[in-house]
Structure formats: C-alpha cells, structure tokens
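Overview (structure and organization)
Next come the chains, spelled out residue by residue.
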Amino acid sequence: MKRSYANRDLIQRLGFSLLTLLALTTVFPILMVVGYIIKEGAPAISWEFLSAMPRDGMRAGGILPAIVGTLYLTIGTAIFSVPLGIAAAIYLSEYARDTFLTRLIRIAIINLAGIPSVVYGLFGLGLFVIFLRFGTSILAASLTLSIMTLPVIISASEEALRAVPQAFRTVSISLGGTQWQTIRRIVLPQALPGILTGVILGLERAAGETAPILFTGAAFFLPRLPDSPMDATMALPYHLFVISTQVPEMPFQIQYGTALVLLIFVLSMNIIATVIRSRARAKRQW
Amino acid sequence: MVDKIVIENLSLTYAEGNESLRHINLKIAANAITVLFGPAGGGKSSLLRCINRLNDLTDIRLLQGKILIDGQNVLDPKTDVIALRRKVGMVFARPVVLPFSIRGNLTYGLELAGEKRKSRLDEAVERSLKLAALWEEVKDRLDDPAVALSGGQQQRLCLARVLANQPEIILLDEPTSGLDPISTGKVEAALQELKHQYTIVLVPHSVQQAARTADYAAFFLQGELVEFGPGRDLFTNPKDKRTEDYVEGRFG
C-alpha cells in the first residue's frame, strides 16, 4: 500500500517536471530572439541612428524617417479604427439583439480577422490608392491597417463590455437611468481598461505589419519626413525588409539596429497594455 | 385606506413560453407593507418587475391587463418609464453596489436626473442613509468604495440608494435572502419605519418573514393569486386550503 503511494507520487512529480519543462520551452525562443536582437542591434543604437536621415543608399546614417513613419501610421490607424471599433463593440454588446443581421456582423468580424495581411494590402491598393485616388500615402496605408486592426479592437472591446456585470445595468435602469446613461456612466468606464488593452494590442500589430502597407503607403527610400497624410512614408517593418533583402553590402549592424528599434516600439506598447490591465484588475470592485 | 396600486386582470407570458401570471387582480394599499409570498416560480418577482416596467428588458410574449398607479396605467406604451422608475424604486435579492464610493452610489440616481447642486446631493445622502438606518455606521467614510461594506450594510445601502430618488413606492425582491438574522432585523425594522411614508411591496424570503412584516399578504401559487387579505387574518385563519397548507409548511 505504502509502496504504491510512493509510486504514484513519483509519477506525479515526473509529470509535473515534464510539463514545467514544456512550458519553459515556449519561453526559450522568445528569450533567444529578443536576446539575439539586443546583442546584435544594441551597438548600432546611437543618437545619430535615431535622429538622422539614411545616407549612402541606407548603408549609413539613421532611420528617423522610418521611426516617424511608423509613428504616423500607428496614429493614423488609431484615428480610424479606435472610434469605429469601440462604437461597433458597444452596438454589438449593448444594443444588438440576436438577429440575422448581428450574426452576419459577427461572422464578418471573425472572417476579417482570418484574412492574410497581404490580402488587406491588395484590397487597400484597389480601394484607397486607386479607386479613391488617395495614392500611395499615409492616409491609404492607415485606412488599410485600420481595416486589419478593427476585428481585434471590436472583439477585445466587446469582451470587455460583456465582462461588466449585468446586475449593474439592471440597477442603473431601475434607478431611472436610460440605456445610454448606463453605458456612459457605468459600463464604459468599467470596461475601459480592457478596451484600452485591446486597442493597444491591435495597434501594436498594425505597427509591426509590412504587407498591408507594402502597396499602399510605404516608400522604399524617402530620406525626408512626410509633411502631409497624402505623402508616402518610410516605415520600420518595411525598411527592415528592404535593408535585409534589397540592398547589397548592407552593414549587419544597421539591420539589427532597425529590428531592435521596431521591437522596442512594439514591446513598449505591449508593456503599457499589461500595466493598464494589471492596474485596473487591482482597482476593480467586482 | 388609499389604494396606491391597482392591478387589473394582469396576465404575463415570457417568450420562452412559461406562463408567469394569470389574471391577477390585486389592490395594494398606500403606507403599508404588502407581501407577495408563496413557493418559487409563483410569479411574485414577475409581478414586481411589471410594476416598475423592468420587465421591458426581458423578452415577453404576452402582457395583458392593467397596472394603475395613482389611476395611471403604467403598462400603457406612452408611459414615461424613466419617471415611473424614479417613482417606483426597487431593491434586489443580491445587494448590487455600483462600483463607486458609498456617496457615489447614493447620488447616482439624482445625477441621472440632472441634479448637480452639491448641497442637494449631500442632503439626499444624509437623509436616505438615516432612513435606511445606515447613517451612523458609514457617516465618517462616505468616500470609501461601497464594496468595502458588509453584505448587510450593502443591502441597506441599496435601500438608501432607492430612497435618495424620493420614490413613492418601494419594491423589494427577497431583499434579505443573503443576510444574517441581525442584518435582516435591521432591514425589517427600517421597512416598518418607512411604511409610514411609502407604499412597500415586499417579496419575503420565508413564510416567517411574510408573517412578521405583512400588513397585507397575497399568496401566489404557480402564477395565480390564491388568496389576499390583511396579514393577521391570512396567516392565522387562511380561507383557502392551499394557503393553509403552505403557511403551515405542508408543502413548499
């Protein structure tokens, strides 16, 4: 009896160890990638690298236009996708009844999330660049990225709204609140941290994408800062692609320096989202 | 005795098909506690939710009859439901405090109606907390989060929150079902005070509570109003065999 217990205990410990090991393997590649990029890229980082125009066919100088371009594209994407995405989420979570129409909307959102990003790029080229005559521009690229980001924002926001207890709504209505007052004073403020997290994660993905901006707004080499939304722009992910594959005798350091800047850009958004979420959880009263 | 609420031939069926109320006729007196009691599924909560039109949030297949408050049929589609719900407050079975401070919970209803004057809001906070017998316990920490209160305090806060709206009618749906006997006693004592100014409709969580609190009592069984009368008669000398069996604990 005692022996079989010891046996089971041993098996359990072995199982746990194996699972721990497997869990650790998922951390390993991330650490490798980040560590490697930091190791190779850090020497390239200098004030000049961050603040100067590229020179010598991008083989020297800095990557300022790509940094600014990515910033503009992210802001542009936010301008279109955040209000629209949150509004759609409010409609779906608070107002829409379960009808054929709302099911159609939900199916559309799910499918939108599954479309490969290069297809968004082609769609943006057809609709915004050519048909609407926006040209290859920040505007066209931002709109294309917005469409790609919308499903992420809508899904995350809807989930955050639904997580707010139904009882709050009932109480608010029973105290003489209209549905909109209830949403504005209780549901939305309570869901806001969750919505923000979703928004940032969506924008983070947009900031790192290459394919959707490839045909719609990204410039191969444009050593000046864009001065209108109708300008094309350099952007970090596309610049990384260009200097890694299209430019002969490219210094290794600049490639990894660019990758590091992009990584920091995206990871810091991720960290902000995590901080917002954990702070809100600590403060939450339900 | 004034009939504050007159229910005429009220029938209700939910969209899922379960019939909830059948031809209910009931007169609810002002300045008294009327209890609606009976086993679960009898239609008591449904009736409460018709009175303040909270059932509007539920899918209903059929709603017939009238509910007259001060002579006005509140089931009329033209009824201003916002005004109705301010006039008819409701306390739920589980104390639901809103994610605000104690003060924020109490001023919420008034702020919805557009009241911004701090003096009015402060006055309402103190008055409603005193009415709900909670003032002494929380007066020094009105800005603390309301969730920090105990369950019994939270439920009295919910009662105070309704009172801050200055309603005329208070509906309570098993308000003490989750509370200990001491907290329950405090809520019941508060209701006994409040009935002098308000019309109170209470769904109690037990027959004993019904008997303790009722000025008038209505016994509901499977969507039907079996018997209605003054509390002392109904619990000591029920006319209907079913009421007698339930009051004496032969089923339930």
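Residues numbered from 1 in each chain as written. Chains lettered and ligands numbered in written order. Predicted model: local features only at pLDDT ≥ 70, side-chain atom pairs only at ≥ 80, totals over all residues.

Side note on the overall build of chain A
Operational definition: Strands here mean DSSP runs of E at least two residues long; helices mean DSSP runs of H or I at least four residues long; both are numbered from the N terminus. For this measure, only C-alpha atoms enter the radius of gyration; the expected value for a globule follows 2.2 Å times N^0.38, where N is the number of residues.
If you tally the helices and strands in chain A, you get 11 helices and 2 strands. When the elements of chain A are put in sequence order from the N terminus, they spell out α-α-β-β-α-α-α-α-α-α-α-α-α. What you see for chain A is a C-alpha radius of gyration of 24 Å, clearly larger than the 19 Å of a compact globule of 286 residues, by over 25%. Taken along the three principal axes of its C-alpha coordinates, chain A extends 70 × 65 × 35 Å.

Digging into the sheet that holds strand E7 (residues 169-173) of chain B
Residues and elements named next belong to chain B. The cut-off we apply is this: What makes two strands pair is DSSP finding at least two bridges between them. Helix axes are fitted only over the stretch in contact, all axes being lines through C-alpha atoms; the angle between N-to-C directions runs from 0 to 180 degrees.
If you trace the 6 strands from one edge of the open sheet to the other, you get E6-E7-E8-E3-E9-E10, paired in mixed fashion. Two strands bound the open sheet, and with one partner strand each, they are strand E6 (88-91) and strand E10 (224-230). For this sheet, the mean angle separating the axes of adjacent strands, direction not counted, is 15°. Taken together, the 4 bridges between E6 and E7 define a ladder with parallel strand orientation. Looking at the pairing, Val-91 lines up with Leu-172 of E7.

Some thoughts on helix H6 (residues 138-163) of chain A
Residue and element names in this part refer to chain A. Basically, it comes down to this: Here a helix's expected span is defined as the number of its residues, less one, multiplied by 1.5 Å. One axis fitted to the seven residues ending at a residue, another fitted to the seven starting there: the angle between these axes is the bend at that residue. Our exposure labels follow a C-beta count within 10 Å of each residue's own C-beta, placed from the backbone: buried means 20 or more other C-beta atoms, exposed means 12 or fewer, and partly exposed covers the counts in between.
Relative to the 38 Å expected for 26 residues at 1.5 Å per residue, H6 spans 36 Å between its end C-alpha atoms, a close match to the ideal helical length. The sharpest bend along H6 comes to roughly 40°, located at Thr-149, with the proline Pro-151 sitting one to four residues further on. H6 sits mainly inside the fold: 23 of its 26 residues count as buried.

A word on the sheet that holds strand E1 (residues 3-14) of chain B
Here we have 4 strands laid out as an open sheet, ordered E2-E1-E4-E5 (chain B), and antiparallel in their pairing. Both edges of this open sheet fall to strand E2 (19-29) and strand E5 (72-73) of chain B, since each of them pairs with a single strand only.

A closer look at the packing of helix H6 (residues 151-164) of chain B against helix H7 (residues 181-194) of chain B
Axis angle and axis distance: for two packed helices, these are the angle between their axes and the distance between the axes, and together they describe the pair. All names here are of chain B. Defined as follows: An angle below 35 degrees is treated as roughly parallel, one above 145 as roughly antiparallel, one from 65 to 115 as roughly perpendicular, and anything else as oblique. Helix crossings get a hand from a simple test, with the near helix turned counterclockwise from the far one by less than a right angle marking a left-handed crossing and a clockwise turn marking a right-handed one. A residue pair is marked as a contact if its C-beta atoms, positioned from the backbone, fall within 7 Å. When residue character is reported, Ala, Val, Leu, Ile, Met, Phe, Trp, Tyr, Cys and Pro are called nonpolar, Asp, Glu, Lys and Arg charged, and the others, Gly included, polar.
Contact pair H6 / H7: the axes reach a minimum separation of 9 Å and the direction vectors enclose 20°. One element, H6, and the other, H7, form an angle in the roughly parallel class. The two elements H6 and H7 cross, and the hand of that crossing is right-handed. Here Gly-151, Gly-152, Gln-155, Arg-156 and Leu-159 of H6 lie close against H7, whose contacting residues are Ser-183, Lys-186, Val-187 and Ala-190. Class assignment for the residues of the contact of H6 with H7 results in 3 nonpolar, 4 polar and 2 charged.

Here's the deal with the confidence of the model for chain B
The condition is simple: By definition, pLDDT measures how confident the predictor is in each residue, and it falls between 0 and 100.
On average, residues of chain B carry a pLDDT of 93, and 100% of them reach 70 or more. Complex prediction metrics read pTM 0.86 and ipTM 0.92.

Concerning the pairing of strand E3 (residues 33-37) of chain B
Residues and elements named next belong to chain B. Within E3, 5 of the 5 residues are buried, which leaves it mostly tucked inside the rest of the structure. A two-sided burial pattern is seen for E3, the buried positions comprising Ile-33, Val-35 and Phe-37 on one face and Thr-34 and Leu-36 on the other. Relative to strand E9 (residues 216-221), E3 runs parallel, the two being bridged by 4 bridges. Residue pairing across strands places Phe-37 opposite Phe-219, the latter belonging to E9.

Describing helix H4 (residues 100-114) of chain A
Between its first and last C-alpha atoms H4 of chain A spans 21 Å; for 15 residues at 1.5 Å apiece the expected length is 21 Å, and the two agree. Taken across its 15 residues, H4 of chain A has 0 buried, putting it largely on the surface.

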